[in-house]
Amino acid sequence: MLLSNDKLQLTVLKTGGAMADLILSDDAEKLSPMWNRTRMERESGQKPSPGFSIGHFVCVDGFGPVSQEERGAGMPGHGEAHTLPWEMRYSGKEGRTATASFTVRLPLVQETFTRTLRMVDGENVVYVESELENLLAFDRPVCWAEHATIGSPFLEPGVTVVDMSARRARVRPYPAKPGPMVRRLKSAADFTWPTAPGASGGKIDLRAAVLNAMGHTTCLMDPSRKQVFVTALHPGKGLVLGYVFHREEFPWLQSWENYPPTGKLARGLEFSTQPFDVSRREAVQTGTMFDTPTYRWLPAKSKIGARFLMFYARTPEGMNRVDDVRHEGGQLIVEDRKARKQITLAASLPL
């Protein structure tokens, strides 16, 4: 389905509720920042690969691989929700606000997931509200991630930059054997975002992409903030994609970087309840990292929720980074303090 206003057009897929494309209504190029692996592989003359391949989908209840026993019971990686058809509960418009609401029953984990999307006329913002219900009579640890992924041509090496409200970070441990692409970061190293230790020494700025490299890191979102953000900015095209969410709901942001020499790049901006996409067993056994929980509790016969907003807008010439994003007073304020550049977007609904 297409959810739109005079500023944005958002394509939402029935299967998994994936947000597949987001474009500015007046953009002649129709450039979406979202990753579309199937399209990129086709453009490279490759046969499309199976599996996760598009935009922003939700990983619930599960974020990462499954155990041997779970696999035998039919549990897919990244949870069930992204594999199932979602039922539309409501689609319509009241006043200036367009709304679409979906629900999906998750039979393997005995949960129900509900998601509502809203867009207001005159605003470059999509408001997303979700709820997860436990149908069983016991408390349980859950794994929940918003698997947002950007891709080429919006993601351009040496040009597009990612910024976020984070400091403490860690490189995901990886095996010593070489792969088809360079692993540019030191395995399992702790660092302060955005400068990570290189595998061969030196420091690497993770804000920008390069060619022929892989990387996998997690960042702890700033504990001093109630609302945190991540953005991807293309200064050349004057476009910025961003997310604002509650730190208590999603304290972690995982960056999965896949930068092949073909230039068909992908980068995850995956905000979640756990630092890395690992099995439920590993997330629970880890317990905490940087003194922060690595899973979330869903009480018996109860519901928990989460909210975030996604924005996509034009930026002024000379805006090269994002130092802060604030949602206050019915506005979304996006700042590049060094260049003294700012955009102010109408954002009338609460987060």
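Look a little higher up for the structure.
In this report, the structure presented in the accompanying data block is examined. (Residues numbered from 1 in each chain as written. Predicted model: local features only at pLDDT ≥ 70, side-chain atom pairs only at ≥ 80, totals over all residues. Heavy atoms only, no water.)

A short note on the sheet that holds strand 28 (residues 331-336)
And step 1. Taken in spatial order, the 3 strands of this open sheet run 27-28-29, and their pairing is antiparallel. This sheet does not close on itself; its edge strands, each paired only once, are strand 27 (324-328) and strand 29 (341-346). Between one strand and the next, the sheet's axes are offset by a mean angle of 15°, whatever the strand orientation.
And step 2. Sheet topology places strand 27 next to strand 28; 5 bridges connect them, and they run antiparallel. Bridged to R326 within strand 28 is I333. (Pairing = 2+ DSSP bridges. Helix = DSSP H or I, 4+ residues; strand = E, 2+ residues; numbered from the N terminus. Axes fitted to C-alpha atoms, helices over the stretch in contact; angles between N-to-C directions.)

Observations regarding the packing of aromatic side chains
And step 1. Throughout the structure, instances matching the rule amount to 14 aromatic pairs.
And step 2. Ring geometry for F154 and Y312: centres 6.4 Å apart, planes at 70°, overall edge-to-face. In this pair, F154 sits in the loop between strand 10 (144-151) and strand 11 (161-164) while Y312 sits in strand 26 (residues 303-314), placing the two residues 158 residues apart along the sequence.
And step 3. A residue is classified by how much of its surface remains accessible, and Y312, at 0% relative accessible area, is buried.
And step 4. Where F250 meets F271, the ring centres are 5.5 Å apart and the plane angle is 80°; that geometry is what we call edge-to-face. Of this pair, F250 sits in the loop between strand 19 (239-246) and strand 20 (252-259) while F271 sits in strand 22 (residues 270-272), and the two are 21 residues apart along the sequence. Accessibility classification places F250 together with F271 in one group, the buried group.
And step 5. Taken together, W86, F102, F113, W144, Y243, F245, F250, F271 and F308 form an aromatic cluster joined through their ring pairs. (Phe/Tyr/Trp six-rings, centres within 6.5 Å; stacked < 30°, edge-to-face > 60°. Buried < 20%, exposed > 50% of the residue type's maximum accessible area, 1.4 Å probe, protein only.)

So, the nonpolar core
And step 1. Counting residues in each nonpolar core, the largest one holds 67 residues, and the members touching the most others are Y243 and F245.
And step 2. Sequence-distant contacts of Y243, defined by excluding residues within four places in its chain, comprise M34, H56, A148, V228, F229, V230, F271, F308, L309, M310 and F311.
And step 3. L233, V244, V322 and V334 belong to the second-largest nonpolar core, a separate cluster that totals 20 residues. (Core = buried A, V, L, I, M, F, W, Y, C linked by side-chain atoms within 4.5 Å. Contact = heavy atoms within 4.5 Å.)

A few points about the sheet that holds strand 26
And step 1. Spatially, the 8 strands line up as an open sheet ordered 5-6-7-8-26-19-18-11, and their pairing is antiparallel. Each edge of the open sheet is held by one strand with a lone partner, namely strand 5 (87-94) and strand 11. Direction aside, the axes of adjacent strands within the sheet are offset by 15° on average.
And step 2. Note that strand 8 (residues 125-134) and strand 26 share 9 bridges and pair antiparallel.

Some details on unusual backbone geometry
Backbone geometry follows two general trends: most residues other than glycine have a negative phi, and most peptide bonds adopt the trans configuration.
And step 1. V60 connects to D61 through a cis peptide bond whose omega is -10°.
And step 2. Structurally, D61 is set in the loop between strand 4 (56-60) and helix 2 (68-72).
And step 3. The amide bond that connects S152 to the next residue, P153, takes the cis arrangement and shows omega of 5°.
And step 4. Considering the arrangement of structural elements, one finds P153 in the loop between strand 10 and strand 11.
And step 5. Not every positive phi belongs to a glycine, and H78 is a case in point at roughly 65°.
And step 6. Along the chain, H78 turns up in the loop between helix 2 and strand 5.
And step 7. Note on H78: relative accessible area 6%, which makes it buried.
And step 8. At N212, a residue that is not glycine, the phi angle is positive and equals roughly 60°.
And step 9. With respect to the helices and strands, the residue N212 is situated in the loop between strand 16 (203-205) and strand 17 (213-221).
And step 10. Under the relative-accessibility criterion, N212 is labelled partly exposed at 30%.

Some points on the pairing of strand 26
And step 1. Taken together, the 7 bridges between strand 19 and strand 26 define a ladder with antiparallel strand orientation. Bridge pairing in strand 26 places Y243 opposite M310.

A few points about the side chain of Q254
And step 1. Relative to the assigned elements, Q254 resides in strand 20.
And step 2. Only 2.7 Å separates the side chain of Q254 from the side chain of H216, close enough to count as a polar contact.
And step 3. In terms of polar contacts, Q254 uses its side chain to reach the side chain of E270, at 2.6 Å.
And step 4. Discounting chain neighbours no more than four positions away, the residues touching Q254 are F63, R172, H216, T217, T218, G268, L269, E270, P275, F276 and D277. (Polar contact = N/O pair within 3.5 Å; in protein donor to acceptor, adjacent residues only side chain to side chain.)

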